[in-house]
Amino acid sequence: MTNRTLSIFVWLVGVSFLLFQFFLQLSSGIVIQAIMKEQGLTALTAGLLSSAFYYIYTSLQIPVGLLFDRYNIRMLLALNALLCALGCFIFSQGHHLVTLFCGRLVIGAGSAFAFVGVTRILRQYFPLRDYAFMIGLSETLGFTVTVSGMIGMGSLISAISWRFFLSLAGLIGLFIALLCWFSIPDSKPKRTMNTSYKHQLMLMLKSKLIWMNGLFVGLEFTVITVFAALWAVPFLEVKLQCSIEAASILTALVLLGAGFSCPIFGWLSIFLPRRKMLIHASCFSTTILLLIVLYLPISSFIVMGLLLFLSGLCCGAYMLAFTIANELAPPESLSACTGFTNTLAMLSAPLLQPVVGFILDQLSGHSGIYTLENYQTALLIIPFALMTASLFSQFLPEKEQLEIPRRTIEAS
C-alpha cells in the first residue's frame, strides 16, 4: 500500500467514526420528538435532554485535544467508538429521564473524540495545504450520510420504535470500534518541542484571536446545532401541518446544503486572497433565508425545501474557523486548539436548545401546545446569533496576516 493510499484509507476509517457521531448528534431532533410524544415531555425537558449530549461533549474537547497531541490515535478512536455504542444501548433502554440523560451523556463522551481525531489524522497523514479542503470534505461526508439516514428515519422510527433504532445504532458503533482498532496504524504524534504541557495550554487560552474564532464558529453553527438538530422538525410540523416523516426530510435538506457548502468554502478560502467577506456573506445570506423560512406564509413543500437547502448551503463558512485555529495554534497544541474551537462551536447547543424550549413553554403558558407564532418568536435567537457571528469574524486575521512566524503570534 502506497503512502497516499494509506493516508486516504486511515482518513476514511477516522471519518467513519465522525459520520457515526454526526448521525447521533444531528438525528436527535427526530428521536427526541418521538420520545416527547411517547412520554409527554415539555419543550424545556426535551431541550435539556437533547443538549445533554453537548454538556459532556463540549467539556471534553480541550482534554481530548491534549490527549491526541500526546497519545495513540488508534487506541483513542477505538475505545471511544465503543463508548458511543454503550451509550446507544443505555439510551435505548431508557424508561425514565435519568436513564435517558445518562445514555445521552455517555454518547456525548465517546463522540467528543471523533472530530478532533479526524483533524489529527489529517495533520499526520496529509500536507497542510490540503487541510481546509479535507476538513470540508470530511464535513460533507458527515452531513451527506446523516441526510441519507434522516430521509427515511421518521418512517423507520414509527415502524420499529426509537428504542430498536438506537440498539441498531449501538451495533454500528461496535463495528466502527473494531474497524478503528484493526485498521489504523499504531503510532503516536511526533513531539518536536519540549515545552511544558501547561505552558502551551496557557498560550492558547490567552489568545484573544483564538477566543474570537471560537465564538464566531459557535454562533454561526447554531443553524445546525439548534435549528436543524432539534427545533426544525417540530417547527415545520406546525408551519406546514405535516407529519414528522415529512418534517424530517425537509430538515435533512439543511444538512445536505451544509454538506455541499463545506468543501466549497474550503476551496474558495484557498484561492480568494481574503476570507472575511466570505464569512460576512455567509452569515448575512443565511440570516435572510432563515427569516424568510420563519415568517413568510409558505405552504409549498418544494419552496420550503429549496429555502432550507439554500440556508444550509450558505452557512458553510463556519468550517473556516478550524483552518484559522490550525494557523493560530501553538505548535505543540494543535489538537488542543482544535478541541477548544470545537468546544465553542458546540457550546451553542447546550446553551440555546433549552433556551428555545423555555421560551416556547413561557409563550404557550406551559400548555404543551405550541403555535407558529411561538416558534417564530423563540427561533429568532438563531438570526440574532448569525449577525453576532459576523461581528466577531471582523476581528479575525486575514490570511496574509497569518504568514507571520508562529512564535510571533505566540508572543502576542
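In this text, all values refer to a predicted model and were calculated from it rather than measured experimentally.

Quick notes on the rules
- Residues numbered from 1 in each chain as written.
- Predicted model: local features only at pLDDT ≥ 70, side-chain atom pairs only at ≥ 80, totals over all residues.
- Heavy atoms only, no water.
- Helix = DSSP H or I, 4+ residues; strand = E, 2+ residues; numbered from the N terminus.
- Rg over C-alpha atoms; globule rule 2.2 N^0.38 Å.
- Buried < 20%, exposed > 50% of the residue type's maximum accessible area, 1.4 Å probe, protein only.
- Contact = heavy atoms within 4.5 Å.
- Areas by Shrake-Rupley, 256 points an atom, 1.4 Å probe, with all protein chains shown as cover.
- Lys, Arg positive; Asp, Glu negative; His and termini not counted.
- Charge placed at Lys NZ, Arg CZ, Asp CG, Glu CD.
- Axes fitted to C-alpha atoms, helices over the stretch in contact; angles between N-to-C directions.
- Parallel < 35°, antiparallel > 145°, perpendicular 65-115°, else oblique.
- Left-handed = near helix turned anticlockwise from the far one by under 90°.
- Nonpolar A, V, L, I, M, F, W, Y, C, P; charged D, E, K, R; others polar.
- Core = buried A, V, L, I, M, F, W, Y, C linked by side-chain atoms within 4.5 Å.
- Salt bridge = Lys/Arg side-chain N within 4 Å of Asp/Glu carboxyl O.
- Polar contact = N/O pair within 3.5 Å; in protein donor to acceptor, adjacent residues only side chain to side chain.
- Expected span 1.5 Å × (residues − 1).
- Bend = angle between axes of the 7 residues up to and from the residue.
- Patch = residues over 30% accessible without salt bridge, like charges linked within 9 Å, V, L, I, M, F, W, Y side chains within 5 Å.

Undergrad: Residues and numbers for the overall build of the protein chain, please.
TA: Across its full length, the protein chain holds 20 helices and zero strands. Its C-alpha radius of gyration of 20 Å places the protein chain within 12% of the 22 Å reference for a compact globule of 412 residues. Within the protein chain, buried positions represent 60% of all 412 residues. Residue pairs at least 24 apart in sequence account for 85% of intrachain contacts in the protein chain once pairs closer than 6 positions are excluded. When the accessible surface of the protein chain is summed, it comes to about 16,000 Å², and 72% of that surface belongs to carbon and sulfur atoms. Positive and negative side-chain charges in the protein chain, numbering 22 and 16 respectively, have mean positions lying 9 Å apart.

Undergrad: Pulling in residues and values, what's your account of the packing of helix H11 (residues 208-220) against helix H16 (residues 320-328)?
TA: Contact geometry of H11 with H16 gives a least axis separation of 10 Å together with a crossing angle of 170°. The angle between the axes of H11 and H16 places the two elements in the roughly antiparallel class. Crossing hand, H11 versus H16: left-handed. Contact with H11, carried on its side by Leu209, Ile210, Asn213, Phe216 and Val217, involves Ala321, Phe322, Ile324, Ala325 and Leu328 of H16 and no other residues of that element. Split into classes, the residues belonging to the contact of H11 with H16 amount to nine nonpolar, one polar and no charged.

Undergrad: Outline the nonpolar core, listing residues and values.
TA: Counting residues in each nonpolar core, the largest one holds 140 residues, and the members touching the most others are Val31, Phe91, Phe143, Ile224, Phe227, Trp231 and Leu379. Looking at this core, the element that brings in the most residues is helix H12 (residues 222-240), giving 13 residues. Excluding residues within four positions of it along the chain, Trp231 makes contact with Ala43, Gly47, Val226, Gln353, Val356, Gly357, Leu360, Tyr375 and Leu379.

Undergrad: How would you explain the pattern of salt bridges if you had to name every residue and give the values?
TA: In this structure the tally under the stated criterion is five salt bridges. In this structure, Arg120 and Asp69 form a salt bridge, with 2.5 Å as the shortest nitrogen-oxygen distance. Here the residue Arg120 occupies a position in helix H6 (residues 114-125), and Asp69 occupies one in the loop between helix H3 (43-68) and helix H4 (73-92), the gap between them amounting to 51 residues. Exposure remark for Arg120: the relative accessible area of 10% places this residue in the buried category. Linking Arg74 and Asp186 is a salt bridge whose minimum nitrogen-to-oxygen distance equals 3.7 Å. Remark: Asp186 occurs in the loop between helix H9 (162-183) and helix H10 (197-205) and Arg74 occurs in helix H4; sequence separation between them is 112 residues.

Undergrad: Account for the side chain of Ser393, naming residues and giving values.
TA: Mapping Ser393 onto the fold places it in helix H19 (residues 381-393). A relative accessible area of 0% places Ser393 in the buried class. Within polar-contact distance, the side chain of Ser393 engages the backbone oxygen of Ser390 at 2.7 Å. Setting aside residues no more than four positions away along its own chain, Ser393 makes contact with Phe216, Lys276, Ile279 and His280.

Undergrad: How would you summarise the environment of Phe9 if you had to cite specific residues and measurements?
TA: Summarising the element assignment, Phe9 is placed in helix H1 (residues 3-26). Judged by its relative accessible area of 34%, Phe9 is partly exposed. For the pair Phe9 and Ile184, spaced 175 residues apart in sequence, the C-alpha to C-alpha distance is 8.6 Å.

Undergrad: So what about the side chain of Ser282? Which residues, and what values?
TA: Here Ser282 shows up in helix H14 (residues 276-295). Once residues lying within four places of it in the same chain are set aside, the contact partners of Ser282 are Glu220, Phe265, Cys314, Cys315, Gly316 and Ala317.

Undergrad: How would you sum up helix H17 (residues 334-363)? Please name residues and give values.
TA: For H17, spanning 30 residues, the distance from its first C-alpha to its last is 44 Å, which sits close to the expected 44 Å at 1.5 Å a residue. The largest bend in H17 comes to about 30°, at Met346, with the proline Pro350 one to four residues further on. Burial runs high along H17: 23 of the 30 residues are buried. Positive phi shows up at Gly365, right after H17, with a value of about 70°.

Undergrad: Go over unusual backbone geometry with me, naming the residues and quoting the values.
TA: Glycine aside, residues mostly have negative phi, and peptide bonds are mostly found in the trans state. Phi is positive for Ser161, close to 85°, though the residue is something other than glycine. With a phi close to 50°, Gln241 is a non-glycine residue in the positive phi region. We classify Gln241 as exposed; its relative accessible area is 66%.

Undergrad: Mind laying out a nonpolar patch on the surface, listing which residues take part and the relevant values?
TA: A cluster of nonpolar side chains, contributed by Leu67, Tyr71, Met75, Leu79, Leu82, Phe164, Leu168, Leu171, Leu174, Leu178, Trp181 and Phe182, occupies part of the molecular surface with about 1,100 Å² of accessible area. Breaking the nonpolar patch down by element, the ones donating at least two residues are H4 and H9. Ranked by the residues each element gives to the nonpolar patch, the list is headed by H9, at seven residues. Taking the relative accessible area as the measure of exposure, Phe182 reaches 67% and is therefore exposed.

Undergrad: Quick rundown of the environment of Gln93? Include the residues and the values.
TA: Summarising the element assignment, Gln93 is placed in the loop between H4 and helix H5 (97-111). C-alpha of Gln93 to C-alpha of Leu166: the two residues are 73 residues apart in sequence and 9.0 Å apart in space. If near-sequence neighbours (up to four positions away) are discounted, Gln93 is found in contact with Thr99, Arg163 and Ser167.

Undergrad: Describe in detail the environment of Ala247, supporting the description with residues and values.
TA: Structurally, Ala247 is set in helix H13 (residues 244-271). Relative accessible area serves as the criterion here: at 0%, Ala247 is assigned to the buried category. When the C-alpha atoms of Ala247 and Pro234 are compared, they prove to be 7.6 Å apart, with 13 residues separating the residues in sequence. Those residues in contact with Ala247 that lie beyond four places of it in its chain are Val233, Leu236, Glu237 and Cys242.

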